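# Overview (structure and organization)
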Amino acid sequence: MFSRCSARVRQSLGTGAFAVVSKQAPLAALPRPPWTPIEPLASPLGAAAALRLTPVVAGGARGDAGFPLAAVAAAAAAAAAALALTGSGGGSMRCEVVPSNKAGGGRKVVLSADCGGTTTRLQLYSVDPNAPLLDEALAPGDLLCEEKFPNLLFKSLDDIIELFLKDHCGRGGAQPTVAVLAVAGVVTDNACRFTNLDWIVDGAKMSKNLSIPRVEVINDFVAQGYGMLTLNILNDDDVQKLNDVTPQRGAPIACIGAGTGLGQCFLVADPSGDYHCYPSEGGHVEFAPRGEGCDRVQEEMLRYLKIKFSGWNRISVERVVSGKGICNIYEFLAYTFPQRVDKVMHREFLHKAGDAGVIARHAKEGSLCQEALDIFAACYGSQCGSMSIQFMPFRGLFITGGVSKKMSHIFEDNEGIFMSAYGDKGRVSPLLDQVPLYLVKNDDMGQRGAHRRAVQLLKEHLSGRILEAEESVDRDRDQLVAPRGFAGEADGHAEDIAELVSAFRELAVRNRRLSIDKEQEDEYEPVFKTMLWRLPRTGSRMTPEDWMHREMWIAKNGSLCYKSHATGEGLVYWTKEDLAIATIDITDESNTCMPWTFHIEVEGFQPSFFSAESQEGRDFWIQQLKEMQKK
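Predicted, not measured: the structure shown is a model, and the values here were computed from it. (Residues numbered from 1 in each chain as written. Predicted model: local features only at pLDDT ≥ 70, side-chain atom pairs only at ≥ 80, totals over all residues. Heavy atoms only, no water.)

Secondary structure assignment for the protein yields 18 helices and 22 strands. Sequence-distant contacts, at least 24 apart, represent 71% of the contacts inside the protein between residues at least 6 apart. Accessible area of the protein: about 28,200 Å², with a carbon and sulfur share of 50%. (Helix = DSSP H or I, 4+ residues; strand = E, 2+ residues; numbered from the N terminus. Contact = heavy atoms within 4.5 Å. Areas by Shrake-Rupley, 256 points an atom, 1.4 Å probe, with all protein chains shown as cover.)

Laid out in structure tokens, this is it:
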């Protein structure tokens with residue numbers, strides 16, 4: 001009955017000794033467990049025999065040396081702080097309370113953030129400031145906590161970070177020394193009008209409000225640029241070399257990436273050899289059509305797009321070189337050559353507005369879809385070549401972005417459409433023979449880069465260095481570039497709208513975590529408490545590493561409670577009223593990797609899943625919870 005998956009979880013506890021209660025074992029003969037039955041409830045086996053107790057710990061947890069078992073439970077306390085959008089099958093949050101001794105021995109805590117249009121992902125690292133910051137390697141530091149928040153729940157990014165720090169750095173915990181916030185917007189003077197919610201993110205004001213000595217706001221693609229410094233160009237898992245050119249140390253680096261838009265940035269080394277990344281809005285320069293001889297397809301496409309978007313004036317290159325650009329190209333071709341339209345494919349495309357994947361799936365030889373991808377490849381290659389002759393990045397031009405990875409085949413042919421357009425720069429074309437060209441394979445470059453910049457900023461801060469660009473400048477809202485609206489624009493931003501709608505649906509599920517009023521603490525005293533494995537909101541029932549060990553109890557007033565390891569406060573998981581209408585049952589073994597799992601379902605909530613240490617323990621919990629329902 002003990003599954004292989006659950007065995008992995010048990011193994012992750014290291015060398016901890018388990019105190020197992022049997023019917024025959026007297027309590028006095030057992031090591032004292034990390035919980036105490038306060039008032040043993042009625043049980044045919046007796047309170048002592050009903051439960052297989054949790055470990056008297058001698059080792060680590062989750063396979064991490066020195067990772068305290070108690071810290072694993074903190075993830076559950078943080079999980080209820082915000083609703084993640086990934087659902088029950090999504091990735092887990094990795095969380096740990098950040099005690100002050102984590103920053104002992106000169107170590108410091110740094111905060112890095114990846115702030116997208118709909119969600120914000122926050123990470124805390126413990127960093128040794130003396131650890132070297134090496135090129136082609138991950139930045140130093142131990143990940144303490146990672147959590148994802150939906151922006152729609154909050155009034156500002158400040159509120160998200162404040163809640164995150166309260167959960168993980170409260171009550172004497174180590175506070176961040178520096179923070180780097182990678183935001184989806186145009187950053188000027190350490191400030192940005194950010195996201196569809198039109199928040200103002202001001203690094204100087206946030207530093208003051210959150211008591212973080214240095215807060216730096218950077219564009220999300222600048223974070224990708226810093227991430228390029230962590231890539232090992234000899235590792236095929238990191239990058240794919242597109243030409244055979246040796247990079248020049250100390251030379252500029254450029255980065256370009258087609259995704260929802262077209263991101264660009266560049267990096268330059270200072271006299272000490274440290275690279276600094278600078279933003280570029282090069283994706284918004286004018287689109288320049290190309291074509292051999294009398295081929296005017298791209299010229300006609302430009303005219304079409306000018307009518308569609310800009311009222312006869314101009315078109316940005318990202319209207320063509322991006323995921324949405326592929327859709328724009330196809331729409332032009334379908335309008336120009338209606339007799340070649342695949343009716344079935346076109347209905348699917350109209351139903352999934354803005355989805356370039358539909359075009360890619362139907363790209364057969366001779367089809368409009370294939371022609372659209374060929375035009376995209378030519379325009380992308382031309383734009384990459386233009387960036388190379390502008391910056392002469394002799395240490396490398398790195399191509400990244402979701403669309404780039406999904407269409408990696410366009411880069412593989414040295415004589416293909418992309419590479420031909422890339423190298424076609426007239427008399428300065430020989431310059432491109434000196435530019436190393438790489439396709440980035442990793443998906444986490446923004447998070448890598450934000451962390452690297454945070455470590456770099458920490459070193460600058462501790463050395464007393466202040467860059468001129470970090471000095472506070474008061475700017476009126478209208479002086480900051482406005483974010484794109486998610487409604488009312490010509491292109492509709494269908495993907496953003498769909499994600500926002502999904503977020504609203506998630507928010508309809510109520511938050512289970514409720515604080516206990518100090519005046520009512522007596523009512524929430526435990527009748528009995530044990531350790532259970534609990535699945536966080538964002539965890540998967542089939543992933544052992546997602547399950548967290550939690551201390552939980554049934555209170556005198558009939559509520560199901562737990563103690564937050566992050567803040568030290570008691571919290572209500574299910575109220576007595578919730579449990580009165582709950583469905584409590586055994587979870588089918590095929591739907592979980594943990595043995596002895598049961599679940600609690602209450603209308604308006606996501607189901608919660610728990611795993612006991614024995615079949616008797618699970619049955620005892622179910623029995624007592626159902627007894628509470630009758631009272």
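Look at helix α12 (residues 368-391): 35 Å from first C-alpha to last across 24 residues, which is about the 34 Å you get at 1.5 Å a residue. For α12, the buried fraction is high: 19 of the 24 residues fall into the buried class. Directly after α12, the chain includes M392, whose backbone phi takes a positive value near 45 degrees. (Expected span 1.5 Å × (residues − 1). Buried < 20%, exposed > 50% of the residue type's maximum accessible area, 1.4 Å probe, protein only.)

Right, let's get into the environment of L571. You can see L571 is positioned in strand β19 (residues 570-574). Taking the C-alpha atoms as reference points, L571 and Y524, 47 residues apart in sequence, are found 9.2 Å from one another.

As a further point, take the environment of E300. By the secondary structure assignment, E300 is in helix α8 (residues 297-310). Judged by relative accessible area, which is 38%, E300 ranks as partly exposed. Placed 11 residues apart in sequence, E300 and P289 show a C-alpha to C-alpha distance of 8.9 Å.

Once that is clear, we can look at the packing of helix α7 (residues 220-228) against helix α15 (residues 445-462). Following both chains from N to C, one finds α7 and α15 inclined at 80 degrees, their axes separated by 6 Å at the closest point. Classified by the interaxial angle, the pair formed by α7 and α15 is roughly perpendicular. On α15, the residues touching A223, Q224, Y226, G227 and M228 of α7 are M445, G446, R448, G449, A450, R452, R453 and Q456. The residue inventory of the contact of α7 with α15, partitioned by class, reads 5 nonpolar, 5 polar and 3 charged. (Axes fitted to C-alpha atoms, helices over the stretch in contact; angles between N-to-C directions. Parallel < 35°, antiparallel > 145°, perpendicular 65-115°, else oblique. Nonpolar A, V, L, I, M, F, W, Y, C, P; charged D, E, K, R; others polar.)

What follows is about helix α5 (residues 157-169). With 13 residues, α5 ought to run about 18 Å at 1.5 Å a step, and its terminal C-alpha atoms sit 17 Å apart, in line with that. With respect to burial, α5 is a largely interior element, 10 of its 13 residues being buried.

A separate point is the packing of aromatic side chains. Summed over the entire model, instances satisfying the criterion amount to 19 aromatic pairs. Considering the side-chain rings of Y304 and Y335, the 5.5 Å spacing of their centres and the 40 degrees angle between planes classify their relative orientation as tilted. Here Y304 is found in helix α8, whereas its partner Y335 is found in helix α9 (residues 323-336), with 31 residues between them in sequence. The class of Y335 is exposed, set by a relative accessible area of 63%. Seen in terms of ring centroids, Y330 and F349 are 4.9 Å apart; in terms of plane orientation they differ by 65 degrees. Their pairing is edge-to-face. In this pair, Y330 is assigned in helix α9 and F349 in helix α10 (residues 343-351), connecting sequence segments 19 residues apart. The buried category is assigned to F349, whose relative accessible area is 3%. Here a set of aromatic residues connected by ring pairs shows up, and it is made of F376, Y380, F411, F418 and Y422. Above the plane of the ring of W553 lies K529, whose end atom (NZ or CZ) is 5.9 Å from the centre. (Phe/Tyr/Trp six-rings, centres within 6.5 Å; stacked < 30°, edge-to-face > 60°. Lys NZ or Arg CZ within 6 Å of the ring centre and 35° of its normal.)

Here we take up the pairing of strand β12 (residues 275-280). Relative to β12, strand β11 (residues 262-269) runs antiparallel, the two sharing 6 bridges. Residue pairing in the sheet places Q264 in a bridge with S280 of β12. (Pairing = 2+ DSSP bridges.)

The next point concerns the confidence of the model for the protein. For the protein, the average pLDDT comes to 79, and 75% of its residues sit at 70 or higher. In this model residues 486-494 is a low-confidence stretch, pLDDT under 50, and it forms 16 contacts with partners more than four residues away in sequence or in other chains. (pLDDT = per-residue confidence, 0-100.)

An order of β3-β2-β1-β4-β8 is seen for the 5 strands of this open sheet, with the pairing classed as mixed. Either end of the sheet is taken by a strand with one partner, and the two such strands are β3 (142-150) and β8 (214-219). Between one strand axis and the next, the sheet turns by 15 degrees as a mean value, whatever way the strands run. Bridging between strand β1 (residues 108-115) and strand β2 (residues 119-127) involves 8 bridges; their strand directions are antiparallel. By the bridge assignment, A113 is partnered in β2 with L122. α5 rests against β1, β2, β3 and β4 (176-183) of the sheet, and its axis sits at about 40 degrees to β2.

Attention now goes to the pattern of salt bridges. For the structure shown, the criterion picks out 21 salt bridges. A salt bridge links E146 to R121, with the shortest nitrogen-to-oxygen separation between them at 3.1 Å. Here E146 is found in strand β3, whereas its partner R121 is found in strand β2, with 25 residues between them in sequence. E331 serves as the salt-bridge partner of K308, at 2.4 Å between the closest nitrogen and oxygen. Taken together, the residues span a long stretch of sequence, with K308 in helix α8 and E331 in helix α9 at a distance of 23 residues. You can call K308 partly exposed: its relative accessible area is 31%. Take E331: its relative accessible area is 24%, and that puts it in the partly exposed class. It is possible to trace a salt-bridge network through shared partners that takes in D135, R395 and R452. (Salt bridge = Lys/Arg side-chain N within 4 Å of Asp/Glu carboxyl O.)

Once that is clear, we can look at a negative patch on the surface. A surface patch of negative charge is lined by D517, E519, E521, D522, E523 and E525. Here E519 lies in the loop between β15 (514-515) and β16 (526-534). (Patch = residues over 30% accessible without salt bridge, like charges linked within 9 Å, V, L, I, M, F, W, Y side chains within 5 Å. Lys, Arg positive; Asp, Glu negative; His and termini not counted. Charge placed at Lys NZ, Arg CZ, Asp CG, Glu CD.)

This part takes up the sheet that holds strand β6 (residues 191-194). Sheet architecture is open: 3 strands sit in the order β5-β6-β7, paired in antiparallel fashion. The open sheet has two free edges, formed respectively by β5 (187-188) and β7 (199-202), since each of these has just one partner strand.

Following both chains from N to C, one finds α8 and α12 inclined at 90 degrees, their axes separated by 12 Å at the closest point. Looking at the two axes, α8 sits roughly perpendicular to α12. For the pair α8 and α12, the contacting residues are V297, Q298 and M301 in the first and I375, A378 and C379 in the second. Of the residues belonging to the contact of α8 with α12, the class tally is 5 nonpolar, 1 polar and no charged.

Our next topic: the nonpolar core. Grouped burial of nonpolar side chains is what soluble globular proteins tend to show. Among the nonpolar cores identified, the biggest contains 53 residues, and Y330, I359, F376, Y380, I399 and F418 are the most heavily contacted of them. Among the elements that make up this core, the one with the highest residue count is α12 (11 residues). Those residues within four positions of F376 in sequence are excluded, and the remaining contacts are A258, V320, V321, S322, I326, I329, V403, M407 and I410. Within the second largest apolar cluster, 32 residues are counted, among which are V178, V222, Y438 and A450. (Core = buried A, V, L, I, M, F, W, Y, C linked by side-chain atoms within 4.5 Å.)

As enumerated under the stated definition, the model contains 0 disulfides in all. Free of any disulfide, C169 has its nearest neighbouring cysteine sulfur in C145, separated by 8.2 Å. Overall, C169 belongs to the buried group, its relative accessible area being 1%. C277 provides the cysteine sulfur closest to C265, a residue in no disulfide bond, and the two sulfurs are 3.7 Å apart. (Disulfide = S-S within 2.5 Å.)

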